[in-house]
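Chain by chain, the residues:
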Amino acid sequence: MDTMISFLSENGMDLLVKTWEHLYISLAAAGLGVIVAVPLGIALTRIKRIAGFIMGILSIIQTIPSFAILVLFIPILGIGKVPAIVALFIYSLLPILRNTYIGISGVSNNLLEVGKGMGMTNWERIVQVELPLAVPVIMAGIRLSTVYLIGWATLASYIGAGGLGDYIFSGLNLYQTEFILAGAIPVTILALLTDLLLGKVEDWVTPTGMKKLKVNA
Amino acid sequence: MLKFDHVSKVYKGGKHAVSDLNMEFEKGEFIVFIGPSGCGKTTTMKMINRLIEPTEGSIYVDGEDIMKVDPVELRRKIGYVIQQIGLFPHMTIEQNISLVLKLLKWPEEKRRERAKELLTLVDMTPDYLERYPHELSGGQQQRIGVLRALAADQSLILMDEPFGALDPITRDSLQEEFKKLQRKLNKTIVFVTHDMDEALKLADRIVIMRDGKIVQFDTPDEILRNPADEFVEEFIGQERLVQARPNIQTVEQIMNLAPVTVMGDQTLSAAIKLMKERRVDTLLVINEDQVLQGYIDVEMIDQKRTKVNLVSEVMERKMLKMETGTLVKDTIRKFLNRAIKYVPVVDENERLVGIVTRANLVDVVYDSIWGDEEITS
Ligand SMILES: Nc1ncnc2c1ncn2[C@@H]1O[C@H](COP(=O)(O)OP(=O)(O)OP(=O)(O)O)[C@@H](O)[C@H]1O
Ligand SMILES: [Mg+2]
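Residues numbered from 1 in each chain as written. Chains lettered and ligands numbered in written order. Predicted model: local features only at pLDDT ≥ 70, side-chain atom pairs only at ≥ 80, totals over all residues. Heavy atoms only, no water.

So, on to the overall build of chain A. Each helix and strand in chain A was counted, giving 10 helices and zero strands. Starting at the N terminus and ending at the C terminus, chain A contains elements arranged as α-α-α-α-α-α-α-α-α-α. With 217 residues in all, chain A has 47% of them scored as buried. Pairs at least 24 apart in sequence give 77% of the contacts found in chain A among residues at least 6 apart. Just so you have it, chain A exposes about 11000 Å², and 72% of that area is on carbon and sulfur atoms. Treating the 13 positive side-chain charges of chain A as one cloud and the 12 negative ones as another, the clouds have centres 17 Å apart. (Helix = DSSP H or I, 4+ residues; strand = E, 2+ residues; numbered from the N terminus. Buried < 20%, exposed > 50% of the residue type's maximum accessible area, 1.4 Å probe, protein only. Contact = heavy atoms within 4.5 Å. Areas by Shrake-Rupley, 256 points an atom, 1.4 Å probe, with all protein chains shown as cover. Lys, Arg positive; Asp, Glu negative; His and termini not counted. Charge placed at Lys NZ, Arg CZ, Asp CG, Glu CD.)

Pasting the structure below:
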């Protein structure tokens, strides 16, 4: 306990900075992931024939150890925050893409046909029918992805991106438990808080009619 | 209003869903498509709003070839109701009803106004506007489904088995309600069903289909009277054909051919004698050309017997009569409504040819209700 307090008094400011870096890397990657994977997921539902193929490729990428991917980007993007964000972004893709695809594919054909039959354009159908109906599934993907990224962002410290990983790695190198804990505990808290927050966001973007549907079911 | 001109549809894979359809519907007509599963009803209907495009031939709505119209525009002008109701679960009832209006960029105020107005058509209160589809019963949901198709005052409405998923009682009341609504709003309706009762109840004209072809296209009465072939007969069902008998019989088929008559110049005592002999209380009065003059009954004779002695001086000239060719179903109504005991039947020259009595009608009703059982048992 004493060591904790002395650690905080010595490194308190630094801890805040690193936490912020950590959050920044993870959220930037997740944000990019959403921007790319959601439209891509929707697009894939229009071309189901190649959807399996693309998701297959992403699954394979997903199995490459995170560490390897991080290192892989050094020759191209060098070291620092940018390659870290890019690498994590690639990891975020699959869960978001897959959930978007599943969510949108899960919208009943019937409703789509009604929409079309009533004279909705493709775009109107995506915005007014498919996305609102798929939002719970898509949000689940985004939540999962973001929480994972917060964990993986620890590794980013290896390529000089900073973040809470710095503590963990120096703790491991110097055999200093308080440093390991100073990294691991905030990461866990960050992950939990983010999940909670995104849960709220999910609730907020889910159409009212569907929330009631869930309660009843 | 709506015209099919040599329309065929061949699906990818070579399935001939419908072949060479030719038909024309009038404005305000209620058209019902009926036929066994897979005969091409849905295909035919969806070609109208271009959810499916014909392989050959043309379809005209209000004289315009639909292939030359933008499909989105076309669909916004045609109401569309499907079997599974298909309300959007994430939208309120108001949003569901006014969806097409939103697509047509109506201002919010007017949409709300219209949604309210439509709800009153089906006797639902405005507080339903804020609710969500799953909070409504199946029947209410389908009412909303119908309203949604009426919102932009579309003059043509397509309905694919809209009441198929409802329980029989709800279905029945919705059918009635809808038929009334259609008469009031004067919409052209194309309605798919495989329920013959529904078709007979709703349709102005029925299109009976089989294997992608039209077998018969006619009014319900005409189809019952003259089924085109055995397939149609079987499809209508023996039961309905028997039931339909009183509808299609004319009075001369059931009337009594030998009414008891007197001539106007006969004496009252002769008339009384005749009544006694034939055990009747009324006599029809005719002249030498068989032309119906009037009638006399016991009471009339009783009152005047002492003062006059010829039938023509006593008889009542004002009386109800029917011409040959009158349908029995109309007769039944008259009998029941006015508590009449008999009606003479005359030909176009007012000559008496027979008489229909309550007893005749009882026979008909009896036949149509139990006649079939007698044959089978
Ligand atoms: N997309 C499609 N591709 C290939 N064949 C199809 C397609 N849609 C329908 N068919 C076939 O075309 C025929 C007519 O189908 P349609 O859906 O019009 O029948 P229907 O009369 O509406 O039947 P039901 O009463 O079962 O709804 C059927 O044999 C069906 O299998
Ligand atoms: Mg069908």
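On to the overall build of chain B, then. Scanning chain B from N- to C-terminus turns up 18 helices and 16 strands. Here chain B has a C-alpha radius of gyration of 29 Å; the compact-globule value for 377 residues is 21 Å, and the former is much larger. In chain B, 61% of the contacts between residues at least 6 apart in sequence involve partners at least 24 apart. As displayed, chain B has an accessible area near 18800 Å², and 46% of this comes from carbon and sulfur atoms. Once the 52 positive and 62 negative side-chain charges of chain B are each reduced to a mean point, those two points are 4 Å apart. (Rg over C-alpha atoms; globule rule 2.2 N^0.38 Å.)

Moving on, we get to the site of ligand 1. Residues and elements named next belong to chain B. In the neighbourhood of ligand 1, the contacting residues comprise Tyr-11, Lys-15, Ala-17, Ser-37, Gly-38, Cys-39, Gly-40, Lys-41, Thr-42, Thr-43, Glu-161 and His-194. Here an oxygen atom of ligand 1 sits 3.2 Å away from a polar atom, N or O, in the main chain of Cys-39. At a separation of 2.9 Å, an oxygen atom of ligand 1 approaches a polar backbone atom of Gly-40. For ligand 1, whose free accessible area comes to 640 Å², the fraction covered by protein is 62%. It is helix α1 (residues 41-48) that provides the largest number of residues to the shell around ligand 1, a total of three residues. Considered class by class, the residues forming the shell around ligand 1 number three nonpolar, six polar and three charged. (Near = heavy atom within 4 Å. Polar contact = N/O pair within 3.5 Å; in protein donor to acceptor, adjacent residues only side chain to side chain. Nonpolar A, V, L, I, M, F, W, Y, C, P; charged D, E, K, R; others polar.)

Residues and elements named next belong to chain B. Most of strand β9 (residues 205-210) is tucked away: five of the six residues are buried. As paired elements, β9 and strand β10 (residues 213-218) share five bridges and run antiparallel to each other. Bridge pairing in β10 links Arg-210 to Lys-213. Remark: two residues form the turn of the hairpin made by β9 and β10, two consecutive strands paired antiparallel; Asp-211 in that turn has positive phi of roughly 50 degrees. (Pairing = 2+ DSSP bridges.)

For the rest of this paragraph, the subject is the UniProt feature "transmembrane region" (unreviewed entry) in chain A. All names here are of chain A. Mapped onto the present numbering, the UniProt feature "transmembrane region" (unreviewed entry) falls at residues 23-44, 51-78, 84-112, 133-159 and 179-198. With 90% helix and 0% strand, residues 84-112 has its two end C-alpha atoms placed 40 Å apart. From the first C-alpha to the last, residues 179-198 spans 29 Å; its make-up is 100% helix and 0% strand. (UniProt positions renumbered as here; feature names shortened; annotations may be inferred.)

In this section: the side chain of B:Asn96. Residue and element names in this part refer to chain B. Within the secondary structure, Asn-96 is located in helix α3 (residues 93-97). Polar side-chain contacts of Asn-96 include one of 3.1 Å to the backbone oxygen of Met-91. Setting aside residues up to four positions removed in sequence, Asn-96 forms contacts with Leu-87, Phe-88, Met-91, Pro-133 and Arg-148.

To continue, consider the sheet that holds strand β11 (residues 261-263) of chain B. Residue and element names in this part refer to chain B. Pairing in this open sheet of three strands is mixed, and the strands run β11-β12-β13 from one edge to the other. The sheet is open, and its two edges are formed by β11 and β13 (292-297), each paired on a single side. Adjacent strand axes in the sheet meet at a mean angle of 35 degrees when their direction is disregarded. Inspection of the sheet shows β11 paired to strand β12 (residues 282-286) by three bridges, in the parallel sense. Looking at β12, one finds that Val-262 is bridged to Val-285. Docked against the sheet, helix α14 (residues 268-278) engages β11, β12 and β13, running at close to 130 degrees with respect to β12. (Axes fitted to C-alpha atoms, helices over the stretch in contact; angles between N-to-C directions.)

All names here are of chain A. A cluster of nonpolar side chains, contributed by Phe-67, Val-71, Ile-74, Ile-79 and Tyr-158, occupies part of the molecular surface with about 470 Å² of accessible area. Here Tyr-158 is to be found in the loop between α7 (122-152) and α8 (165-174). Since its relative accessible area comes to 52%, Tyr-158 is described here as exposed. (Patch = residues over 30% accessible without salt bridge, like charges linked within 9 Å, V, L, I, M, F, W, Y side chains within 5 Å. Salt bridge = Lys/Arg side-chain N within 4 Å of Asp/Glu carboxyl O.)

Our focus in this paragraph is the packing of aromatic side chains. All names here are of chain B. The tally for this structure, following the rule as stated, stands at 13 aromatic pairs over all chains. A centroid spacing of 5.7 Å and a plane angle of 80 degrees characterise the contact between Phe-25 and Phe-217, whose relative ring orientation is edge-to-face. Linking Phe-25 in strand β2 (residues 16-25) with Phe-217 in strand β10, this pair joins segments that are 192 residues apart in sequence. Here the aromatic residues Phe-4, Phe-25, Phe-33 and Phe-217 are joined through ring pairs into a cluster of three or more. The ring of Trp-106 is capped by Lys-110, whose NZ or CZ atom sits 4.9 Å from the centre of that ring. Residue placement shows Arg-131 over the ring face of Tyr-128; its charged tip is 4.5 Å from the ring centre. (Phe/Tyr/Trp six-rings, centres within 6.5 Å; stacked < 30°, edge-to-face > 60°. Lys NZ or Arg CZ within 6 Å of the ring centre and 35° of its normal.)

This part is about the domain arrangement of chain B. Per the domain assignment, the segments making up chain B are domain 1 (2-238) and domain 2 (252-364). Using C-alpha coordinates to define each centre, domain 1 of chain B is positioned 51 Å away from domain 2 of chain B. (Domains from an automatic or database assignment.)

Attention now goes to helix α6 (residues 109-117) of chain A. Along α6(A), the residues classified as buried are A:Leu111, A:Leu112, A:Val114, A:Gly115 and A:Gly117. The secondary structure elements touched by the buried residues of α6(A) are α7 of chain A together with α2 (71-76), β6 (78-81) and α6 (138-150) of chain B.

With that settled, the discussion passes to the UniProt feature "domain: CBS" (unreviewed entry) in chain B. Within this numbering scheme, the UniProt entry marks residues 255-313 and 315-373 of chain B as carrying the feature "domain: CBS" (unreviewed entry). Annotated as residues 255-313 of chain B, this span is 36% helix and 24% strand, and its ends, taken at the C-alpha atoms, are 29 Å apart.

Glancing now at the side chain of A:Thr146. Looking at the element boundaries, A:Thr146 is found in helix α7. Among residues more than four places away in sequence, those in contact with A:Thr146 are A:Leu27, A:Ala30, A:Thr194 and A:Leu198.

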